[in-house]
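Report on the structure
Letter by letter, the chains look like this.
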Amino acid sequence: MDAHPAPANLVQALRLRLPSWLPAALAVAVGYYLAARLGFALTLKPHPISTLWPPNALLAAALLLAQTRSWWWLLLAALPAHLLAELQSGVPTAMVLGWYVSNCGEALIGAAIVRAFVQGPLRLDSLRNAAIFLLGTALAAPLVSSFVDAALVHLIGWGDAAYWELVRARFFSNVLAELTIVPLIVTWAAVATSTPHETRPARYAESAALFTGLLLVCVLVFDLPHREAHASPAVYYAPLPFLLWAAALGPAASASALALMTIATIWGAVHGLGPFAGRTPQDTAREMQLFLTAATVPMLLLSVALAERSRVEREAREQRRQLTHLSRVAMLGELSGGIAHQLNQPLTAILSNAQAAQHYLANKNADPALLSEILADIVAADKRAGDVIEGLRALFKRGEAHFETLDPNRLVREVLALAQGDLATRGIEVSMRLQPNLPEVRADRVQLEQVLLNLVVNAAEAMRACPPKDRLLIVQSTATAGRIHVNVIDRGSGFKVSPEQLFEAFYTTKPQGLGLGLSISKSIVTAHGGRLRATTRRGGGAAFLVTLPALPKQ
Amino acid sequence: MGMQQGCVTVVDDDALVLRSLGRLLESRGFAVQTFSSPQEFLERGERAVRGCILMDLSMPGLNGLELQQALAEAKDSRPVVFISGRGSVPSSVEAMKAGAMDFLTKPLDEEKLIGAVQAALAKDRVAQEKRAQHASITGRLATLTLRERQVLGRVVEGKLNKQIAAELGTAEKTIKVHRARMMRKMQVDSLAELVRAWTLTQPQQI
């Protein structure tokens, strides 16, 4: 067996020896060639310089996503693709090699500037990153390379264009390419490597509608013959609603929409269609480049700003959720003694019942009726222990908020059942004064249970020093027009600070308290559209009133 | 086993636990009474019943310490065995300070429970015997005349008839007659027996 490794192992062994940059290098070679073909397709004849020259930008995007140590391999991988694409077009070999150098230079400068400020692969998920990309990759790199490029053209003596004319044409072409191609690749790479969020069908439908609409508008505006010599400026704004829509959907959608519009515009002009046709190639190219650059930069920034804001909000929400869970677990920790007691009760009943049955059976004086009573009690006790664990499981879980229709009275009963062990060991009597047939509420069960449990535990703690006959916890539920109220009342020491201070985070009177319970409870109730208020009672003790909007009765 | 052992009174506010403990003790041959709350026990429980009390330490309304106090006020001297769901040191210390016989944690070990209950019942039996003796001696003391009681007091102090006669200002022969009648009424045959019976009536000895 060992002498003949299985083919699968062999493949695996071979794959392990392959350098990690190889797949990326192959992708760059293929991509570079295709991008060059696209560039030729978008070239205004007989102008030797494309309106949009994508290979450089593709190379820059590859470097921005790759690790710095594999950069040289990726640049090298572009050489055969470059030679293959350029030599077909009848350009002198010296010029082809010169362009290879200036293309690599542009990609390297653009990627190096970004890498100096942003660690790891570039992600267009913050305004800072977007600004660094715009200044470094889309502005500085094309600026430097277009001078080099124009100088090379002059040195080799290919074509008869003026030097400054060459610099300007080359610069705008490269800027537009960087602006169009790099965000497209970088954002889709981020989408592909991100943990898959559940994408709702509605989202796909929305994207389909957006891109169909945008394509229609672009074809109508940019790819049909224009009768007038100069189109009305209004037509240039026709794609704007779709671009804004795309920006709202995220940087990847925005970059895709901008690329679609750019290609549609240039394709139209190349075929003598649309508002940019009918001028000299130089003018057409410049007008288009200015128009497309002016549209792309703000839209890209807008989409990144929106994405950043929603990401920050999502992170804040996640943090709040974790804090809520943490305080819930801390509270359950406080309750653990009581919960152990609560589990001990049914366990005691099960054990003692079973042992009694064993003795009756051993003494041969087992009355079948008694035995069946014993078994019924064992079943009941077991169910009760199961209920305790079931109630705990939900509270320990850390899940997304899940809103459902709930009966407030049932919620109160469940919470008091959970706290019952703790209340019993503290010698606290509970008086439930629940108004029957309360309207229901729409709420997250776990979060509301957390609020009520927190109030009950606080009340119990406040009555620690009370004489036993005063250890009474009252939980009241009532309804008024459109609202339900749950009042948790104790006869404890009350509170000596203002109610505002009471709800502040990290205010606590308990030696091991986190001081988060009331502050989190308040934010939960507020998030449910309700209010949480605290009052001290004249006879001593405190009352905490939870008010929630009620669902209309059916 | 059975009634002559005394009755085990179980108090627990958890109906399932209460029933299961009652059944377990009954299956082991004990007579059992059950109460579902300390209040019910204080209001309806008979104080004259002999035996022991097995109760949960933490029940709403009254805790172990308070129930102990209430029982003392009601002149109920039955030994108490506490059971608790949480075997924390502070609560057990508190219970033992309150005069508990024993402190068991749930879920209960059957043999420990039976052992504790038997020990409590035995303690109650001894106390009951002592009380019965005390009652009978007190009854006998009540039949003595003033003079006989004066003689008894001096006899147990170890005084001779001659000394007692001198102290009480009568003849030694008269003292002898009082003394013989007193010994008969107290149903004792020797000075040693008399001293023991008399000591039992002294409050600090109970």
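The structure presented is a predicted model; accordingly, all values stated were derived computationally and were not measured.

**Comments concerning the packing of helix 11 (residues 281–362) of chain A against helix 1 (residues 15–27) of chain B**
Following both chains from N to C, one finds helix 11 of chain A and helix 1 of chain B inclined at 25 degrees, their axes separated by 8 Å at the closest point. Judged by the angle between their axes, helix 11 of chain A and helix 1 of chain B are roughly parallel. Along this stretch, helix 11 of chain A crosses helix 1 of chain B, giving a crossing that reads as left-handed. Across the interface between the two elements, Gln345(A), Thr348(A), Ala349(A), Ser352(A), Asn353(A), Gln355(A), Ala356(A), His359(A) and Tyr360(A) from helix 11 of chain A touch Leu16(B), Val17(B), Ser20(B), Leu21(B), Arg23(B), Leu24(B), Glu26(B) and Ser27(B) from helix 1 of chain B. Residues belonging to the contact of helix 11 of chain A with helix 1 of chain B are distributed by class as follows: seven nonpolar, eight polar and two charged.

**Describing the interface of chain B and chain A**
By convention, interface size is frequently given as the accessible area that disappears when the constituent parts associate. At the interface, 24 residues of chain B touch 30 residues of chain A. In total, about 2,300 Å² of surface goes out of reach between chain B and chain A, with carbon and sulfur atoms giving 51% of it. Where chain B meets chain A, there are four salt bridges. A salt bridge links Arg23(B) to Asp377(A); the nearest nitrogen and oxygen atoms lie 3.0 Å apart. Joining chain B to chain A, the criterion identifies eight residue pairs in polar contact (both at pLDDT 80 or more). Residue classes in the side of chain B that touches chain A are distributed as eight nonpolar, five polar and 11 charged.

**Focus on the state of the cysteines**
Across all of its chains, the model carries zero disulfides over all chains by this definition. Distance from the sulfur of Cys7(B), which forms no disulfide, to the nearest cysteine sulfur (Cys52(B)) is 8.4 Å.

**A word on helix 9 (residues 240–249) of chain A**
All names here are of chain A. All buried positions along helix 9 are accounted for by Phe242, Leu243, Ala246, Ala247 and Leu249. For helix 9, the arc enclosing every buried residue in end-on projection is 155 degrees, short of the 170-degree limit, so these residues lie on one face. The inward-facing, buried residues of helix 9 contact helix 8 (201–222), helix 10 (251–270) and helix 11. Looking one or two residues beyond helix 9, the residue adopting positive phi is Gly250, at roughly 125 degrees.

**Here's the deal with the sheet that holds strand 1 (residues 7–11) of chain B**
All names here are of chain B. Pairing is parallel across the open sheet formed by five strands, whose spatial order is 2-1-3-4-5. Single-partner strands in this sheet number two, and they are strand 2 (31–35) and strand 5 (102–105). Taken pair by pair, the neighbouring strands of this sheet meet at an average axis angle of 20 degrees, ignoring direction. Judged from the five bridges that link them, strand 1 and strand 3 (residues 51–56) form a sheet pairing that is parallel. In the strand pairing of strand 3, Val10 is matched with Leu54. Sheet strands touched by helix 1: strand 1, strand 2, strand 3 and strand 4 (80–84). Its angle to strand 2, the strand with the most contacts, is close to 170 degrees.

**Some points on the nonpolar core**
Residue and element names in this part refer to chain A. Among the nonpolar cores identified, the biggest contains 68 residues, and Leu59, Leu122, Val182 and Met261 are the most heavily contacted of them. Residues within four places of Met261 in sequence aside, it is in contact with Cys218, Phe222, Pro239, Leu243, Phe291, Leu292 and Ala295. In this structure, Met331, Leu416, Val488 and Leu502 belong to the second largest nonpolar core, which totals 51 residues.

**Remarks on the domain arrangement of chain A**
Per the domain assignment, the segments making up chain A are domain 1 (16–321) and domain 2 (403–554). If you average the C-alpha positions of domain 1 of chain A and of domain 2 of chain A, the two centres end up 59 Å apart.

**Some points on empty space enclosed by the protein**
If a probe as big as a water molecule is rolled over the atoms, it shows which places are left empty. Residues and elements named next belong to chain A. For the structure shown, the criterion picks out four cavities of 30 Å³ or more. In this structure, the second largest cavity spans a volume of roughly 70 Å³. Forming the walls of the second largest cavity are Pro408, Leu411, Val441, Leu448, Leu452, Ile484, Val486, Val546 and Leu548. Those elements that provide at least two residues to the lining of the second largest cavity are helix 13 (408–425), helix 14 (445–462), strand 5 (483–489) and strand 7 (542–549). Of the residues that constitute the lining of the second largest cavity, the class distribution is nine nonpolar, no polar and no charged.

**Considering the sheet that holds strand 5 of chain A**
All names here are of chain A. The strand order 2-4-5-7-6 describes an open sheet built from five strands, whose pairing is mixed. One side of each edge strand has no neighbouring strand; the edge strands of this open sheet are strand 2 (429–434) and strand 6 (531–536). Averaged over neighbouring strand pairs, the angle between their axes works out to 15 degrees when direction is ignored. Relative to strand 4 (residues 472–480), strand 2 is paired through six bridges, and the arrangement is parallel.

So, how was this worked out
- Residues numbered from 1 in each chain as written.
- Chains lettered and ligands numbered in written order.
- Predicted model: local features only at pLDDT ≥ 70, side-chain atom pairs only at ≥ 80, totals over all residues.
- Heavy atoms only, no water.
- Axes fitted to C-alpha atoms, helices over the stretch in contact; angles between N-to-C directions.
- Helix = DSSP H or I, 4+ residues; strand = E, 2+ residues; numbered from the N terminus.
- Parallel < 35°, antiparallel > 145°, perpendicular 65-115°, else oblique.
- Left-handed = near helix turned anticlockwise from the far one by under 90°.
- Contact = heavy atoms within 4.5 Å.
- Nonpolar A, V, L, I, M, F, W, Y, C, P; charged D, E, K, R; others polar.
- Buried area = accessible area lost by both parts, 1.4 Å probe.
- Salt bridge = Lys/Arg side-chain N within 4 Å of Asp/Glu carboxyl O.
- Polar contact = N/O pair within 3.5 Å; in protein donor to acceptor, adjacent residues only side chain to side chain.
- Disulfide = S-S within 2.5 Å.
- Buried < 20%, exposed > 50% of the residue type's maximum accessible area, 1.4 Å probe, protein only.
- Arc of directions from axis to C-beta.
- Pairing = 2+ DSSP bridges.
- Core = buried A, V, L, I, M, F, W, Y, C linked by side-chain atoms within 4.5 Å.
- Domains from an automatic or database assignment.
- 1 Å grid on protein atoms, 1.4 Å probe; cavity = no way out; pocket = protein on both sides within 12 Å on 5 of 7 lines; lining within 4 Å.
- Points joined across faces, edges and corners; volume = space filled by probe spheres on them.

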